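Structure at a glance
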Amino acid sequence: MLGQGFVSAAAIAASVLFILSLGGLSNQEKAKRAVWYGIVGMAVAVFFTSLGPGIGGYWWLVPAMLIGAGIGAYVAGKVEMTEMPQLVAALHSFVGLAAVFVAWSADLERRRVLAAQAADGAMQEFSAFAALVATKAPAELTFLQIEVVFAIFIGAVTFTGSVIAFGKLAGKVDGKPRQLPGGHMLNAGAAALSLLLAILYLNGAGFWTLIVLAALSFFIGYHLIMGIGGADMPVVVSMLNSYSGWAAAAIGFTLSNDLLIVTGALVGSSGAILSYIMCKAMNRNFVNVILGGFGGAQGPAAEIEGEQVAIDASGVASALNDADSVIIVPGYGMAVAQAQSAVSDLVRKLRASGKTVRFGIHPVAGRLPGHMNVLLAEAKVPYDIVLEMDEINDDFSSTDVVIVIGSNDIVNPAAEEDPNSPIAGMPVLKVWEAKQVFVSKRGQGTGYSGIENPLFFKENTRMFYGDARDSLNALLPMVE
Amino acid sequence: MKIGAPKETAQGEARVALTPESAKQLQKLGHECLVEAGAGAAAGFNDDTYRDAGVSVVESAEALWRDADVVIKVREPSETEAHYLREGLTLIAFFWPAQNEALLETCKAQGASVIAMDMVPRISRAQKMDALSSMANIAGYRAVIEAGNNFGRFFTGQVTAAGKVPPAKVLVIGAGVAGLSAIGTAASLGAVVRAFDVRPEVSEQIESMGAEFLFLDFEDSQDGSESGGYASPSSPEFREKQLECFREQAPDVDIVITTALIPGRPAPKLWLEDMVAAMKPGSVIVDLAAEKGGNCDLTKPDERVVSDNGVVVVGYTDFPSRMATQASLLYATNIRHMLADLTPEKDGVIHHNMEDDVIRGATVTHQGEITFPPPPPKVKAIAAAKPKKKEKEPTPEEKKATELAAFKAQTKRQAGLLAVGGALMLLLGQIAPASFMQHFIVFVLACFIGFQVIWKVSHSLHTPLMAVTNAISGIIILGAILQIGSGSGVVIVLAAISVLIASINIVGGFLVTRRMLAMFQKS
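Everything in this summary refers to the structure shown in the same document. None of the values given here were measured: they were computed from a predicted structure.

Examining a nonpolar patch on the surface
All names here are of chain B.
- Side chains of Val420, Leu424, Met425, Leu427 and Val444 sit close together on the surface and give an oily, nonpolar patch of about 440 Å² of accessible area.
- Ranked by residue count, the leading element in the nonpolar patch is helix 14 (residues 396-431), at four residues.
- Positionally, Met425 belongs in helix 14.

What to know about the pairing of strand 9 (residues 169-173) of chain B
Residues and elements named next belong to chain B.
- Within strand 9, four of the five residues are buried, which leaves the element mostly enclosed by the surrounding structure.
- For the handedness criterion, the β-α-β arrangement of strand 9, helix 7 (residues 177-188) and strand 10 (residues 192-196) is classed as right-handed.
- Two strands pair when backbone bridges link them, and strand 9 and strand 12 (residues 255-258) are joined in this way by four bridges, in the parallel orientation. Following the sheet pairing, Leu171 is matched in strand 12 by Val256.

Concerning the sheet that holds strand 11 (residues 212-213) of chain B
- The seven strands lie next to each other as 11-10-9-12-13-15-14 (chain B), forming an open sheet whose pairing is mixed. If you trace the sheet from one side to the other, it starts and ends with strand 11 and strand 14 (304-306) of chain B, each paired once.

Concerning the packing of aromatic side chains
- Evaluation of the coordinates by the stated rule reveals 21 aromatic pairs over all chains.
- On the basis of an interplanar angle of 50° and a centroid distance of 4.6 Å, the ring pair of Phe143 of chain A and Phe436 of chain B is categorised as tilted. Linking Phe143 of chain A in helix 6 (residues 138-170) with Phe436 of chain B in helix 15 (residues 434-454), this pair reaches from one chain into another. Considered together, Phe143 of chain A and Phe436 of chain B belong to a single accessibility category, that of buried residues.
- Centre to centre, the rings of Phe94 of chain B and Trp96 of chain B are 6.1 Å apart; their planes meet at 15°, and the pair counts as stacked.
- Aromatic rings pair up to connect Phe143, Trp246 and Phe253 of chain A together with Phe436, Phe440 and Phe443 of chain B into one cluster.
- Across the ring face of Trp96 of chain B, the terminal group of Lys292 of chain B is positioned such that the distance to the ring centre comes to 5.1 Å.

A short note on helix 1 (residues 20-28) of chain B
Residue and element names in this part refer to chain B.
- Considered for burial, the residues of helix 1 that qualify are Pro20, Ser22, Ala23 and Leu26. The arc that holds every buried residue of helix 1, seen down its axis, measures 155°, which confines them to one face. Helix 1 presents Glu21 and Lys28 as exposed residues on the side facing more than 90 degrees away from its buried surface.
- In this fold, the buried residues of helix 1 make contact with strand 1 (2-5), strand 2 (32-36), helix 2 (47-52) and helix 12 (324-342).
- Gly30 lies just past helix 1 and shows a positive phi near 95°.

Parameters at a glance
Residues numbered from 1 in each chain as written. Chains lettered and ligands numbered in written order. Predicted model: local features only at pLDDT ≥ 70, side-chain atom pairs only at ≥ 80, totals over all residues. Heavy atoms only, no water. Patch = residues over 30% accessible without salt bridge, like charges linked within 9 Å, V, L, I, M, F, W, Y side chains within 5 Å. Areas by Shrake-Rupley, 256 points an atom, 1.4 Å probe, with all protein chains shown as cover. Salt bridge = Lys/Arg side-chain N within 4 Å of Asp/Glu carboxyl O. Helix = DSSP H or I, 4+ residues; strand = E, 2+ residues; numbered from the N terminus. Buried < 20%, exposed > 50% of the residue type's maximum accessible area, 1.4 Å probe, protein only. Right-handed = clockwise from strand over helix to strand, strands pointing away. Pairing = 2+ DSSP bridges. Phe/Tyr/Trp six-rings, centres within 6.5 Å; stacked < 30°, edge-to-face > 60°. Lys NZ or Arg CZ within 6 Å of the ring centre and 35° of its normal. Arc of directions from axis to C-beta. Contact = heavy atoms within 4.5 Å.

This is the structure:
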């Protein structure tokens, strides 16, 4: 058994390592080291806490940890990179559920300790957390109850929200925004009821209040995320990430554990910033995204004239052979079609023949922040030719050929040209300024936001219909 | 109807109004075509090719004028030709009615209908008959070619083993059709092209052709759309400013092509003697306005003059005629389109519809009446230009002021936030126990560090960031560990499940992050 001093020292070390780990993600090379900081930090935290004073139940602890680690390792090894968004969402749900369980346990322990104290007044031997509770003054216990309420509420919302987000990203739940009749009033009602239960609980009502509270929060999480469309999933995932952090921090308060508080706060603020960045990239209000649906347009969207002109692989190939500079703009469609390695082959071929090939990545391309970067990295596309929107947006006008693969809204000129468009004002990649644009797309349908894209009707745009991977594979042999 | 093209009588005129190709098209409209023997020879069409196209070759001009119902020509009729005119005959040619009033009277007296190709209104429907634009296009191209012919260097810049060649600098004044054509030609030869026009709305067109627009910052710039797309005379102040700009350019440019014309007026003098004197020897000026007196002081119509300092001033007035084949092909097509509009039924019968905006506009005499000038067209030529927003460069003081204001606003906001935050903390401190406040300090500081650290994370690493933070949020396992030794069965089970799922989260999150990061590679 290690003393409390060891545990505290370990907590400080782990906190520092976590901060280094997050800070190290500022570039690709440092990031490889950064993840080790995180791993070591976690190992230190878990190891020393487990061996700390008053910890027991190793017969439960060690097998649970080993089984969990085994499952985690298996899943992490098996998952396809295109399934990354689902995986992250699924993992968030675990944190949320764990937070609910831990908070419940905390209240059960509190009740047990209070009951024991009332029964004989004498101090009996308690384990780590219970021993801590036993020393608390009544005011501190009230705060502990408030913290428990917070932890349960946030944890439960995170849990069901993440499960729904997982379902939507994995295609198991319909991606369209869907709400029960009553819409946000239902959410508001559930929240009000939760508040009522919390007050009851604080005034001494039984454990059932916490169970009902969790159930209500489960409903809010479910209903909230069901009402958000698939296109907004990047924001949702990072928001849930943030929530899972806040849940951990709330648990940290409950258990008076600074390491939990620090780590939870780090995760919470990082998710919040990511959500903010995503919203800014879509020119949307965070509240608007979370409450679902686009803001009302001020008038009818501009009519689009002209027609979509199709082209076949040989046409695209000859344009590529003549081009000096090429920019590829991937979107969610590339992930769906698993076309990233075909894209990579194309890039390798084009670069081998001395052409400048770059990627333009919109901040909300895909279903997860940075989703496209990860897919391209998986296909061994060097990251120094993968550029962000701001880095590349001025270069389109001097580019010969732009290939848009499975993206739609992020290259929609209506965002700039049509003030009545639902996406008006959203920063977009100005692909239409290039000499020629090829759009690889499955059919004539609209994007996730369901609005028509005038890009497809522009004179310098040609539509390259078909599954992205099949199209690119057909194209490959024709490119010199 | 019989449509006849006589041989041009004006000296040096090589163009012809009918080509074998246009003749075939005219025949499809139900017309019969005649051509005077040798009419197309100078433009590269001999009589046999006309015959092959089904055109009857007529030996003399007199016979042609007698037989034809419609005579198509390039230039206005000469005195002799005017006397061939008779009632019922329609003449289609460049006529310049404003300058040729006497001729107009003669035509009226002879009772013929005259359609002036130079009077075709500038509306989109009539573009296919806009012979002025066709000719101007050729003139612009040819002006650059003539300039190149008189210029001793390359247009394009080159770095060769024998030394470096700077690109020629070309200044085009007036960005009408001819000017734009000259810009395009010079730019495609590799020259550095600048262009000026009094109508600021053409800057976009100039830039689209590959030239730099010399922008003149002046209050009342002209809106060319008011005058049918043509320039109008400018105020003396504007003119001064403009000349000043040219004076600045003169020592720098190698080739100047002037195309500035104002309809119905002599050409404005824009390139003065002192500017010619300031130019480098060997420079070339091509004055496309020579026929109207020239934009350059030194221009002599139809002559090539060399100034005292060795600057060549080309004042030819017959650029289209110098490219007779091309000019004839385009002009004949314009004429054919005009005739197509005159024969709406395609039955070979001319229907001179004076209700039609285009035909009415171009007709200068009809049924013994002079119908010039025409009433203004019903359709406005060009949509009024949208006023161009001029972004004013802020002065340093203004910039400083806005920066200061922004800084102040930011400070205010931050101070406000801090004050509100502080007040909240104070309130919380009043009711919360001390132990809570200690943890709360840690919490706030950690949030702060989080905010500071995450902003620096590279955009492309956002997915790994989420995976890492997700793994780290598995720290919740600590809570479960602290509870698992409890004496309560329920708590133990709950804690064990928590440990299990948190472990999945931790291990899965870290491993997946490692997998992702390992894939990132530099080229």
